[in-house]
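Tertiary structure, described
Here is what each chain is made of, one letter per residue.
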Amino acid sequence: MYFGGSIALGDRLTPALSVRYRPRLPAVMALALMAAGAVGLAIWPSSVVAIVAFFSLVGSGNGVGFAVCALLVAPLVPPSEMSAASGVNSVIRTVGSAVGAPVTTAVMAIGISGDSFAVAFVMGAVISVTACLPAIALPVTRAAQMA
């Protein structure tokens, strides 16, 4: 139940944010938005308003994250290799989604606690917060700053 509008909004805002703040900040922002949305969904899983609001945060984080990945990859490869690098970026995202779905399903099926959905969302938040550390350390080249 991702909201395409929030994904598109995050995707459209990323270039402006990257020019102003360099791609590192949008990368951390994407992870923080997804973590905040996941925590909210773990805490308020039964409120329709909360579900819409928190999934919108997760969707915005996804939109920013997808866009910033391309901005981070582009300056690190020669122009002649950009198509291949973009393809690898897409494959990695697809593999991550393909692995994440069954892992989440297994966690929910095991029923670690009384509320498997909350456990799955907390795991997502922990992964997002953990990923902020390497995102903060991302090298930013001059070309990425000008993107």
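Here the residue numbering is sequential within each chain, running from 1 through the sequence in written order. A pLDDT threshold of at least 70 governs which residues receive local features in this predicted model, and a stricter bar of 80 or more applies before side-chain atom pairs are shown or counted, although totals over entire chains, interfaces and linings include all residues. Side-chain figures throughout are based on the complete set of non-hydrogen atoms in the structure, without hydrogens or water.

Only DSSP runs of H or I with at least four residues qualify as helices, and only runs of E with at least two residues qualify as strands; both kinds are numbered from the N terminus onward. Scanning the protein chain for helices and strands turns up six helices and zero strands. Taken from N to C terminus, the helices and strands of the protein chain fall in the order α-α-α-α-α-α. We call a residue buried when its accessible area falls under 20% of the maximum for its residue type, exposed when it is over 50%, and partly exposed in between, using a 1.4 Å probe and counting protein chains only. Out of the 147 residues belonging to the protein chain, those deemed buried represent 31%. Considering only contacts within the protein chain whose residues lie at least 6 apart along the sequence, 73% involve residues at least 24 apart. Looking at the protein chain as shown, the accessible area adds up to about 8400 Å², and 74% of this sits on carbon and sulfur atoms. Contacts are assigned to residue pairs with any non-hydrogen atoms lying within 4.5 Å of each other. Values of accessible area rely on a 1.4 Å probe in the Shrake-Rupley scheme; residue burial ignores everything except the protein chains shown.

On to the confidence of the model for the protein chain. Residues shown with low pLDDT carry predicted positions that ought not to be read at fine detail. How sure the predictor is of each residue is captured by pLDDT, a score from 0 to 100. With 89% of its residues at a pLDDT of at least 70, the protein chain reaches an overall mean of 83. The least confident element of the protein chain, judged by mean pLDDT, is helix 6 (residues 142–146) at 47; the most confident is helix 2 (residues 24–43) at 92. Predicted confidence is poor over residues 143–147, with pLDDT under 50, and the contacts of this stretch with residues over four places away or in other chains come to 12 contacts.

Residues qualify for a patch when their relative accessible area is over 30% and they have no salt bridge, like charges being joined within 9 Å and the nonpolar side chains of Val, Leu, Ile, Met, Phe, Trp and Tyr within 5 Å. Each reported salt bridge corresponds to a side-chain nitrogen of Lys or Arg within 4 Å of a carboxyl oxygen of Asp or Glu. On the surface, Val91, Val95, Val99, Val103, Met123 and Ile127 cluster together to form a nonpolar patch covering roughly 500 Å² of accessible area. Only helix 4 (82–110) and helix 5 (116–136) provide two or more residues apiece to the nonpolar patch. Per-element accounting of the nonpolar patch gives the leading share, four residues, to helix 4. Tracing the backbone shows Met123 in helix 5. When its relative accessible area of 31% is taken as the criterion, Met123 is described as partly exposed.

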